[in-house]
Amino acid sequence: QVHLVESGGGLVQAGGSLRLSCVASGGTFSRYAMGWFRQAPGREREFVAGITGSGGSTYYAVSVKGRLTISRDNVKNTVYLQMNSLKVEDTAVYYCAANDRGALVYFRPSDYWGQGTTVTVSS
């Protein structure tokens, strides 16, 4: 059983930066592909970024590519999402997720999910 806890959300002005963190416990962290997802008010949850267990490969949604960067530290059991050049439309609750299938994009509801951290970008 893997437990995920996100942090780092907050209020930031458009054009600013934030770094989200997600700490994992209860499993061998490097075995799990990790992902970040987000859900804006009134919208479906959407994929943001994914990273393999080793950190050697990443994948991004088109809407965030070049602005958001996913990384991981397998010693600290932590995955990060560096968010630069933030836009109002990045406002959402951000969730991290883990799976042991190596999937970078297609995470299942039955995979491991955190409780979310809220990012609000003001104009």
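Let me sum up the structure you'll find in this document. What you are looking at is a predicted structure, and each value in this text was computed from that prediction instead of being measured. (Residues numbered from 1 in each chain as written. Predicted model: local features only at pLDDT ≥ 70, side-chain atom pairs only at ≥ 80, totals over all residues. Heavy atoms only, no water.)

1. Considering the packing of aromatic side chains
(1) Moving on: The final tally for this structure, using the stated rule, is 6 aromatic pairs.
(2) Moving on: Centre to centre, the rings of Tyr32 and Tyr112 are 6.1 Å apart; their planes meet at 80 degrees, and the pair counts as edge-to-face. One end of the pair, Tyr32, is in the loop between β3 (18-25) and β4 (33-39); the other, Tyr112, is in strand β10 (residues 112-113), with 80 residues separating them in the sequence.
(3) Moving on: Exposure remark for Tyr32: the relative accessible area of 7% places this residue in the buried category.
(4) Moving on: For Tyr112, a relative accessible area of 23% puts it in the partly exposed group.
(5) Moving on: Geometrically, the ring pair formed by Phe37 and Phe47 is edge-to-face, given 5.6 Å between the ring centres and 75 degrees between the ring planes. (Phe/Tyr/Trp six-rings, centres within 6.5 Å; stacked < 30°, edge-to-face > 60°. Helix = DSSP H or I, 4+ residues; strand = E, 2+ residues; numbered from the N terminus. Buried < 20%, exposed > 50% of the residue type's maximum accessible area, 1.4 Å probe, protein only.)

2. Considerations on the nonpolar core
(1) Moving on: Grouped together as the largest cluster of nonpolar side chains are 34 residues, with contacts concentrated most on Met34, Trp36, Val79, Leu81 and Tyr94.
(2) Moving on: When contributions to this core are tallied by element, the ones reaching two or more residues are β3, β4, β5 (46-51), β7 (68-73), β8 (78-83), β9 (92-99) and β11 (117-122).
(3) Moving on: If you tally residues by element for this core, the top one is β9, at 5 residues.
(4) Moving on: The contact partners of Leu81, leaving out residues within four places of it in the chain, are Leu18, Arg19, Leu20, Trp36, Val48, Ala49, Leu68, Thr69, Ile70 and Tyr94. (Core = buried A, V, L, I, M, F, W, Y, C linked by side-chain atoms within 4.5 Å. Contact = heavy atoms within 4.5 Å.)

3. Considering the environment of Gly66
(1) Moving on: Along the chain, Gly66 falls in the loop between β6 (58-60) and β7.
(2) Moving on: Distance in space between the C-alpha atoms of Gly66 and Ala103 is 21 Å, their sequence separation being 37 residues.

4. Observations concerning the pattern of salt bridges
Think of it this way: side chains of opposite charge can pair up when their charged atoms draw near.
(1) Moving on: Throughout the structure, instances matching the rule amount to 4 salt bridges.
(2) Moving on: Of the charged contacts, one joins Arg38 and Asp90 as a salt bridge, the two residues approaching to 2.9 Å between their closest N and O atoms. Of this pair, Arg38 sits in strand β4 while Asp90 sits in the loop between β8 and β9, placing them 52 residues apart in sequence.
(3) Moving on: Residue Arg38 is classed as buried on the basis of its relative accessible area of 6%.
(4) Moving on: The partner of Asp90 in a salt bridge is Arg67, and the shortest N-O contact between them spans 2.7 Å. (Salt bridge = Lys/Arg side-chain N within 4 Å of Asp/Glu carboxyl O.)

5. Some points on the side chain of Thr117
(1) Moving on: As for its placement among the helices and strands, Thr117 is situated in strand β11.
(2) Moving on: The exposure class of Thr117 is buried, given its relative accessible area of 10%.
(3) Moving on: A polar contact is formed between the side chain of Thr117 and the backbone nitrogen of Gly9, at a distance of 3.1 Å.
(4) Moving on: Setting aside its immediate chain neighbours within four residues, Thr117 contacts Glu6, Ser7, Gly8, Gly9, Leu20, Ala92, Val93 and Tyr94. (Polar contact = N/O pair within 3.5 Å; in protein donor to acceptor, adjacent residues only side chain to side chain.)

6. As for the sheet that holds β8
(1) Moving on: The sheet built from 4 strands is open, its strands ordered β1-β3-β8-β7 with antiparallel pairing. The open sheet terminates on both sides in strands that have one partner only, identified here as β1 (3-7) and β7. Averaged over all neighbouring strand pairs, the angle between strand axes comes to 15 degrees, with direction disregarded.
(2) Moving on: With 5 bridges joining them, β1 and β3 adopt antiparallel strand pairing. Each residue of the ladder has a partner; that of Leu4, found in β3, is Ala24. (Pairing = 2+ DSSP bridges. Axes fitted to C-alpha atoms, helices over the stretch in contact; angles between N-to-C directions.)

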